[in-house]
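Now for the letters of each chain:
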Amino acid sequence: MLAFDSMTLADKLQSLKAEALASFQTADSSKALYDKKVHYLGKSGVFTEVMKEMGSLSKEERPQFGKLVNEVKVVLEAAYAEAEQALKKQEIDAQMLSEEIDLSLPSYPLQIGSEHPVHRVINEIAGIMGRLGYSLRQGPLIEKDYYNFEALNIPADHPARDMQDTFFIDKTHVLRTHTSPIQIHSLESEKPPLRIIGTGPVFRCDSDISHLPNFHQIEGMCVDTKVSMADLKGTISFFVKEFFGSGLKTRFRPSFFPFTEPSAEVDCTCPICKGKGCSLCKQSGWIEIGGCGLINPKVFQHAHVEYPKWQGFAFGFGIERMAIIKYGIDDIRLIPENDMRFVRQFEV
Ligand code: DAH
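To start, this report covers the structure provided alongside it. (Residues numbered from 1 in each chain as written. Predicted model: local features only at pLDDT ≥ 70, side-chain atom pairs only at ≥ 80, totals over all residues. Heavy atoms only, no water.)

On the secondary structure map, R344 appears in the segment after α12 (340-343). On the accessibility criterion, R344 (33% relative accessible area) is partly exposed. Sequence separation between R344 and V305 is 39 residues; the distance between their C-alpha atoms is 46 Å. If we ignore the near neighbours within four places in the chain, the residues touching R344 are Q111 and S114. (Helix = DSSP H or I, 4+ residues; strand = E, 2+ residues; numbered from the N terminus. Buried < 20%, exposed > 50% of the residue type's maximum accessible area, 1.4 Å probe, protein only. Contact = heavy atoms within 4.5 Å.)

Applying the stated criterion to the full structure yields 16 salt bridges. A salt bridge links K31 to D35; its shortest N-O distance comes to 2.9 Å. A residue pair is termed a helical-turn pair when its members lie 3 or 4 positions apart in one helix, as K31 and D35 do in helix α2 (residues 30-41) at four residues. Among the salt bridges present, the one from E190 reaches R137, with a minimum N-O distance of 2.6 Å. Of the two residues, E190 is situated in the loop between α7 (181-189) and β4 (194-203) and R137 in strand β1 (residues 135-137); the sequence distance between them amounts to 53 residues. For E190, a relative accessible area of 23% translates into the label partly exposed. On the accessibility criterion, R137 (22% relative accessible area) is partly exposed. Connected via shared salt-bridge partners are R251, R253, E265 and D267. (Salt bridge = Lys/Arg side-chain N within 4 Å of Asp/Glu carboxyl O.)

For the rest of this paragraph, the subject is the environment of Y108. Secondary-structure assignment places Y108 in the loop between α4 (61-98) and α5 (117-131). For Y108, a relative accessible area of 78% translates into the label exposed. On a C-alpha basis, the gap between Y108 and Q64 in space is 68 Å, while along the polypeptide they are 44 residues apart.

On the surface, L141, I142 and I169 cluster together into a nonpolar patch covering about 250 Å² of accessible area. Summarising the element assignment, L141 is placed in the loop between β1 and β2 (142-144). (Patch = residues over 30% accessible without salt bridge, like charges linked within 9 Å, V, L, I, M, F, W, Y side chains within 5 Å. Areas by Shrake-Rupley, 256 points an atom, 1.4 Å probe, with all protein chains shown as cover.)

We now examine the sheet that holds strand β9 (residues 311-318). Ordered in space as β1-β4-β5-β9-β8-β7-β6, the seven strands form an open sheet in which the pairing is mixed. Bordering the open sheet on either side are β1 and β6 (250-257), each of which pairs with just one other strand. For this sheet the average axis-to-axis angle between neighbouring strands, irrespective of direction, equals 25°. Relative to β4, β1 runs parallel, the two being bridged by three bridges. Directly across from S135, in β4, lies its bridge partner I196. Those strands touched by α7 are β1, β4, β5 (214-224), β8 (286-295) and β9, and its axis lies near 140° from that of β4. Sitting on the sheet, helix α8 (residues 229-244) is in contact with β6, β7 (260-269), β8 and β9, with an inclination near 30° to β9. (Pairing = 2+ DSSP bridges. Axes fitted to C-alpha atoms, helices over the stretch in contact; angles between N-to-C directions.)

What follows is about the site of the ligand. Of all residues adjacent to the ligand, which total 16 residues, the nearest are H178, S180, R204, Q217 and E219. Between the ligand and Q183 there is a distance of 3.1 Å, counted from an oxygen atom to a side-chain nitrogen or oxygen. Between an oxygen atom of the ligand and a main-chain N or O atom of F315, the distance comes to 3.3 Å. Taking 360 Å² as the accessible area of the ligand by itself, protein coverage stands at 93%. In terms of residue class, the shell around the ligand is built from five nonpolar, nine polar and two charged. (Near = heavy atom within 4 Å. Polar contact = N/O pair within 3.5 Å; in protein donor to acceptor, adjacent residues only side chain to side chain. Nonpolar A, V, L, I, M, F, W, Y, C, P; charged D, E, K, R; others polar.)

Spelled out as structure tokens, the structure:
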């Protein structure tokens, strides 16, 4: 029994304790339980209010009452912790039940990747040229100035360097602007006769509706004892027919490249307008796919290959150009974007 007179305040405390305990027990969620705890034991809760009434007690009664309040709080805290644990367990059990995973269900179908049009074109070219006896080579993406220009008969200050906007790494190294340096690597390291193709990325500071700063090329080179322009035309015409189908026409336009003499550019019927003229082909009805020519003796000289004992032709085509022609893609920039809606159309 309390030793102080104010039984009314102690009674009030006890009845609040009973009320709080009952409310903890009837809370149906941990959130509701917490709200009740705040209501009774929170900073501005019921018990704080009761404490304020301590002022009405005598000096002797106050410590006893304070002690009593503390005891009640301890009991309530314990009751709260117990109820909270039980409710949390119930809630977790319910959640587990509702989220139960049926391991026997079949999983989502695996998304099979698609072959990127660039790789598809490269693989197809390698297949066609393989049948003509050509095999694949690769070269470094960072080239010495010598391989990218000098050995291909493009000396420093030669105006032909302006044809290709170059990314320089330092004074003597560049990101290769074309796959033609692969010709030199091959001539240096292999003995003719040679029939090689080299593919891969090339880089130029150039970007618009028909130019990409990073695109792909395929280089072809044939070196043998008797090689003429007729062999070159025959090979390219065969290749273009095999690749695009016999519906598209090819034409050769006289042109200039320092590493070939004579040189030509190769055009194909525009696949979008079928030759009538549209924005892709700049109303010409033709799309350029690359250049070609007979290997300039100066290139052989640089690579220490005996000329005219050995002669050759070479060609270089843009892979993305070939892809837009073959698949009728009206904007070359779709190719590097890798939007899945686009790439999925090339599913194997
Ligand atoms: N390298 C040239 C370019 O990127 C393309 C080219 C033209 C390659 C003629 C050749 C060739 O092998 O013979 O513009």
